[in-house]
Amino acid sequence: MKFKFDANETYQIEAIDAATAIFDGQPALPSQLTIPSGATFQVVPNRLDLSEEQLLENLKKVQTEQEIPVDDALHFIVGKTEAVGGEIAVRFPNLSVEMETGTGKTYVYLRTAHRLYQRYGFRKFVVVVPSVAIREGVVKTLKDTEAHFRELFGSPPYRFSVYDSGDVRQIRTFALSDGLEVMVMTIDAFKSAATVIRQSKEGLDPPIFQLQAARPILILDEPQRMESELSIAALSSLNPLVALRYSATHKNPYNVIYRLTPFDAYRQGLVKRIEVDSVVETDNASLPFLRLDEITVKKKTFVAKIAVQKLMRTGKIEEQVLTIKAVADKDNAHNLEKLTGRPEYEGFVIDHMTQESVIFTNGHELKQGQTTGVDREAIFEAQIAATVEEHFRKQTRLRDKGIKVLSLFFIDKVDSFRSDDGIIRKLFIKKFNEIKKRYADWEDVEPLEVQASYFASYRKKGQTLVVEKDAPTTKEERDAQREAFHLIMQGKEDLLSFGDKPSNKVAFIFSHSALREGWDNPNVFQICTMREVGTDTERRQQVGRGVRLPVTQDGERVRDEQVNVLTVVASETYRRFADGLQKEIEDAYGKGSAPPRPANKKKRASITLRKAYLAKPEFKELWDKIKDRTRYAVEIDSAKLISEVVPELNEASIRKPRITVQRVKLQANKTEDLFEPIIASGARTAIDLAGRYPVPNVIALMEGLLENTTPPMRLSRKTLLSIYQQTTNQQAALDNPHEFAAATVSIIKEKLADQLVNGIKYEKDGTWYEQTQFKDEIESWEDYIVRSTEDRGVGGTSLYDGIEFDSEIERDFALKLEKRSDVKLYIKLPKWFSVDTPVGKYEPDWAVVMHERGDGSPILYLVRETKSTLDPGKYRPDERRKITSGRSHFQALGVNFQVVTSAEQLPNDGA
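Residues numbered from 1 in each chain as written. Predicted model: local features only at pLDDT ≥ 70, side-chain atom pairs only at ≥ 80, totals over all residues. Heavy atoms only, no water.

Draft legend 1. Representation of the sheet that holds strand S14 (residues 357-360) in the model. Strands sit in the order S13-S14-S15 across an open sheet of three strands; the sheet is antiparallel. Sheet topology places strand S13 (350-353) and strand S15 (365-367) at the edges, where each strand pairs with a single neighbour. Ignoring which end each strand starts from, the neighbouring axes of this sheet average 20 degrees apart. Two strands pair when backbone bridges link them, and S13 and S14 are joined in this way by three bridges, in the antiparallel orientation. Counterpart to Met 353 in the pairing with S14 is Val 358. (Pairing = 2+ DSSP bridges. Helix = DSSP H or I, 4+ residues; strand = E, 2+ residues; numbered from the N terminus. Axes fitted to C-alpha atoms, helices over the stretch in contact; angles between N-to-C directions.)

This is how it looks when you write it as structure tokens:
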């Protein structure tokens with residue numbers, strides 16, 4: 001298997017474009033070998049010629065285009081560090097990209113590095129990660145994408161490496177290279193003064209000095225885990241040009257330049273849908289863990305010792321014994337929710353005590369020696385059984401599609417599985433052997449043959465895997481754990497492949513906390529959460545390991561919503577898990593950016609095709625009108641394009657290539673023993689480089705940049721030459737030809753995008769969608785279905801016996817169609833019913849058959865798009881362009897198309 005990458009994913013291109021546009025106005029820099037002042041080494045560094053004012057102007061423009069709240073200032077990390085010439089002040093901007101987990105942020109930032117090299121000549125990038133697990137995932141993506149990027153960018157000089165403290169030559173090679181260099185480092189590799197990279201040996205400068213002199217662009221993967229003072233100081237010690245921060249759960253967003261929210265990802269079908277299978281004791285579901293160890297009398301008052309499960313500062317949940325007096329001596333002294341920091345104890349406020357029991361205000365009585373709450377072993381057994389059963393069921397259904405199913409368990413503690421008599425290990429073997437008898441493909445499979453585990457008991461030192469404390473001690477155990485490490489962290493293809501190798505058989509993965517941010521696998525279809533939820537973002541982090549879209553044996557992404565469902569087997573009630581996950585997302589993005597609540601697995605349902613309706617005259621006529629596929633042609637009005645581009649190009653600020661100097665003064669911090677750099681003056685030009693280099697063919701430069709856009713654009717040389725001839729900014733082309741070409745192409749792309757859509761013409765291509773593509777049955781959940789009545793002449797009726805809705809607007813639309821007697825038939829159009837457009841596929845929402853003015857009047861055949869607003873200015877640009885293209889497509893078919901916000905906007909409302 002080899003993973004395949006789609007270079008035309010619109011949302012990824014938007015994120016790459018946003019990062020690239022931040023540096024608009026930066027000249028393309030040739031490689032330049034320099035010797036830093038006071039150094040005995042040479043480097044080929046990055047260089048940023050833009051002033052802070054220009055960066056801020058670009059930031060505001062990008063945020064406006066991305067519909068992100070506009071910042072008034074750049075946010076910097078400021079510090080100081082020891083460098084080759086002594087202590088230096090460090091100050092660098094931080095730009096954040098928020099992308100929902102599973103949508104390919106690693107691919108995005110690696111491709112961004114290639115684009116920045118191609119466009120501006122930035123060539124030194126350091127990817128900093130917080131853990132070995134994330135590092136291994138990045139390295140795997142670097143290897144998988146190498147051929148893809150070489151093809152996409154024309155085989156640039158490109159090398160990636162993983163920092164190895166045992167090979168200092170690696171840093172020298174990185175610093176001296178004049179090609180694109182990407183180095184991956186864990187932050188621990190340079191966080192403390194004792195690390196190898198900071199050490200001077202044999203009178204030579206510490207290797208970190210060469211890295212600093214290269215002025216790398218930092219790419220921070222999961223930066224929320226690198227926000228401590230020590231980590232921030234470590235990042236400053238690399239003296240970066242700028243930091244690009246990528247995460248779904250930023251702790252400090254600094255300046256956000258792109259945002260793909262969970263709702264965006266859900267709406268666009270970029271991640272799996274989620275269902276929750278809750279496993280709780282039905283007679284004890286509302287009781288948290290409580291144990292009354294003793295009640296004593298001290299100073300004439302009762303004192304109780306009550307064991308609870310408390311949320312610690314570390315984010316872990318641990319059993320703690322609380323000593324509580326019957327007479328409260330401070331606020332909330334009797335409130336277990338406040339004392340434990342956990343909402344599970346809501347309502348457990350001590351009312352009074354007796355010699356034998358504690359009575360709470362909710363009526364619950366806890367007697368001395370009594371334990372209430374969950375039976376952990378019984379819950380574990382039920383969770384494992386539910387996960388294994390669901391795994392077998394899905395694998396049976398998906399095998400013929402070439403999809404291998406994986407299940408991931410987050411366990412309570414390492415010994416529960418690593419130890420031979422660990423409770424989770426024993427229960428997994430027991431339930432696997434019981435359930436496999438019902439599935440022929442699994443009857444002869446042994447449970448331990450199909451499992452692997454990773455508990456972060458190993459770390460890399462150089463290229464050697466080092467065993468840490470609490471790890472297996474025998475050679476056989478260590479070899480087995482190394483194999484599991486390689487398979488889970490590096491051998492994704494083996495894990496996803498059917499085959500006879502032992503690694504191909506693994507389908508169940510066990511971990512404690514090591515497989516959090518940064519690790520995922522596209523074919524994880526079940527996640528079993530056997531750990532107590534600690535931090536505010538833990539549910540989302542756990543779920544994030546399985547939301548990526550699955551792949552087939554050919555490495556192709558699967559886009560089938562019926563396949564792309566992640567089942568979370570949780571040890572809490574559905575309501576608590578769903579509410580908690582929803583709250584985590586809403587706290588991060590706001591209520592409007594959260595997707596629908598996860599579905600309840602226990603409310604699985606389906607909708608069935610009414611096959612008899614396919615023979616109805618209403619459906620036949622509707623289908624004949626809308627079934628045709630089309631091809632489009634775009635008429636570009638060259639004169640109009642030139643007239644729109646030239647005025648903006650005349651006003652474009654294209655600065656001459658130059659070397660700038662910026663004066664900085666140091667100010668003593670009043671509270672800490674350090675100096676802070678304060679900008680004393682703006683950047684000034686020290687050396688003007690205009691005219692020092694041969695002027696290339698500017699038209700050819702523009703052609704090359706247009707061809708390297710995604711998708712590629714082509715304009716005639718005559719049009720490009722006319723733009724050049726008519727602009728009053730021609731001197732800029734002589735002073736800085738590369739940036740002139742980049743600025744011109746940027747304006748062309750913006751003006752061309754709307755013209756491509758507005759001038760689009762569709763015609764039938766001789767093919768059509770077949771009725772046989774409608775599935776006989778669609779699986780869903782009852783909470784997300786509007787049931788449709790049979791055709792009794794009292795309201796509209798659907799092609800299926802129900803409608804699966806994605807939003808409240810769709811739900812309300814379907815409910816109102818059901819009540820309208822003038823609606824004869826309606827269809828929620830399936831995802832496969834799409835229209836090709838210049839900006840991607842457009843998927844219309846509804847097809848409706850209705851009377852124009854009540855019974856007996858002419859029949860109308862309509863296609864409708866439901867939106868929350870009719871104002872196109874509030875749509876995202878590509879969304880607006882897709883709808884415009886869709887309208888042109890249906891006009892070519894002679895079908896009435898409109899955008900509506902409700903069913904009341906259909907003709908003849910109330911008939």
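Draft legend 2. Representation of the sheet that holds strand S18 (residues 451-454) in the model. Strand order in the open sheet formed by seven strands is S18-S21-S17-S22-S23-S9-S24, with parallel pairing between adjacent strands. Two strands lie at the open edges of the sheet, namely S18 and strand S24 (599-600), each paired on one side alone. As judged from the four bridges shared by S18 and strand S21 (residues 508-511), these two strands associate in the parallel manner. In the sheet register, Ala 452 faces S21, and the bridge partner there is Ile 509. Here helix H17 (residues 574-589) sits on the sheet in contact with strand S9 (273-278), strand S23 (565-570) and S24, set at roughly 145 degrees to S9. (Contact = heavy atoms within 4.5 Å.)

Draft legend 3. Inspection of the pairing of strand S25 (residues 604-608) at higher detail. A one-sided burial pattern is seen for S25, the buried positions being Ala 605 and Ile 607 and the unburied ones Arg 604, Ser 606 and Thr 608. Alignment of S25 against strand S32 (residues 777-781), held across five bridges, turns out to be antiparallel. Each residue of the ladder has a partner; that of Ile 607, found in S32, is Ile 778. (Buried < 20%, exposed > 50% of the residue type's maximum accessible area, 1.4 Å probe, protein only.)

Draft legend 4. The environment of Thr 103, seen in detail. Mapped onto the secondary structure, Thr 103 falls in the loop between strand S2 (86-99) and helix H3 (105-120). We classify Thr 103 as buried; its relative accessible area is 1%. Those residues within four positions of Thr 103 in sequence are excluded, and the remaining contacts are Tyr 11, Gln 12, Leu 260, Ala 265, Leu 270 and Val 271. At 2.5 Å, the side chain of Thr 103 forms a polar contact with the backbone oxygen of Glu 100. (Polar contact = N/O pair within 3.5 Å; in protein donor to acceptor, adjacent residues only side chain to side chain.)

Draft legend 5. Structural context of helix H5 (residues 169-176). Where H5 is concerned, the buried positions are Gln 170, Ile 171, Phe 174 and Ala 175. Buried positions in H5, seen along its axis, are confined to an arc of 130 degrees and lie on one side of it. Contacts from the buried residues of H5 go to strand S3 (124-129), strand S4 (158-162), strand S5 (180-186) and helix H6 (207-213). (Arc of directions from axis to C-beta.)

Draft legend 6. Seen up close, the pairing of S21. Side-chain alternation along S21 places Phe 508 and Phe 510 on one buried face and Ile 509 and Ser 511 on a second face that is also buried. Note that strand S17 (residues 406-410) and S21 share four bridges and pair parallel. Its bridge partner lying in S21, Phe 409 is registered against Phe 510.

Draft legend 7. Summary view of the packing of helix H19 (residues 638-651) against helix H23 (residues 737-758). The N-to-C vectors of H19 and H23 enclose an angle of 135 degrees; their axes lie 10 Å apart at closest approach. The pairing of H19 with H23 is recorded here as oblique in orientation. As H19 runs across H23, the sense of the crossing is right-handed. Note on element contacts: H23 touches H19 through Phe 740, Thr 744, Ile 747, Ile 748, Glu 750, Lys 751, Leu 752 and Gln 755, opposite Lys 640, Leu 641, Glu 644, Val 645, Glu 648 and Leu 649. Considered class by class, the residues forming the contact of H19 with H23 number seven nonpolar, two polar and five charged. (Parallel < 35°, antiparallel > 145°, perpendicular 65-115°, else oblique. Left-handed = near helix turned anticlockwise from the far one by under 90°. Nonpolar A, V, L, I, M, F, W, Y, C, P; charged D, E, K, R; others polar.)

Draft legend 8. Seen up close, the packing of aromatic side chains. Enumeration over the complete set of coordinates arrives at 38 aromatic pairs. Between Trp 442 and Phe 508, the aromatic rings sit 6.4 Å apart at their centres with planes inclined by 65 degrees, giving edge-to-face as the arrangement. Linking Trp 442 in the loop between helix H12 (423-435) and S18 with Phe 508 in strand S21, this pair joins segments that are 66 residues apart in sequence. Using a relative accessible area of 0% as the deciding quantity, one classes Phe 508 as buried. The structure contains a cluster of three or more aromatic residues connected by ring pairs, namely Phe 392, Phe 409, Phe 417, Phe 428, Phe 432, Tyr 439, Trp 442, Phe 508 and Phe 510. When the ring centre of Phe 174 is taken as reference, the NZ or CZ atom of Lys 124 above it lies at 5.8 Å. Across the ring face of Phe 417, the terminal group of Arg 425 is positioned such that the distance to the ring centre comes to 5.3 Å. (Phe/Tyr/Trp six-rings, centres within 6.5 Å; stacked < 30°, edge-to-face > 60°. Lys NZ or Arg CZ within 6 Å of the ring centre and 35° of its normal.)

Draft legend 9. Molecular detail of the packing of helix H1 (residues 10-21) against H3. One can describe the packing of H1 onto H3 by two numbers: an axis separation of 9 Å at closest approach and a directional angle of 45 degrees. Comparing the axis directions of H1 and H3 gives the class oblique. Between H1 and H3 the crossing geometry is right-handed. Contacts between H1 and H3 involve Gln 12, Ile 13, Ala 15, Ile 16, Asp 17, Ala 19 and Thr 20 from the first element and Tyr 107, Val 108, Arg 111, Thr 112, Arg 115, Leu 116, Arg 119 and Tyr 120 from the second. Of the residues that constitute the contact of H1 with H3, the class distribution is eight nonpolar, three polar and four charged.

Geometric values such as these leave the question of function open.
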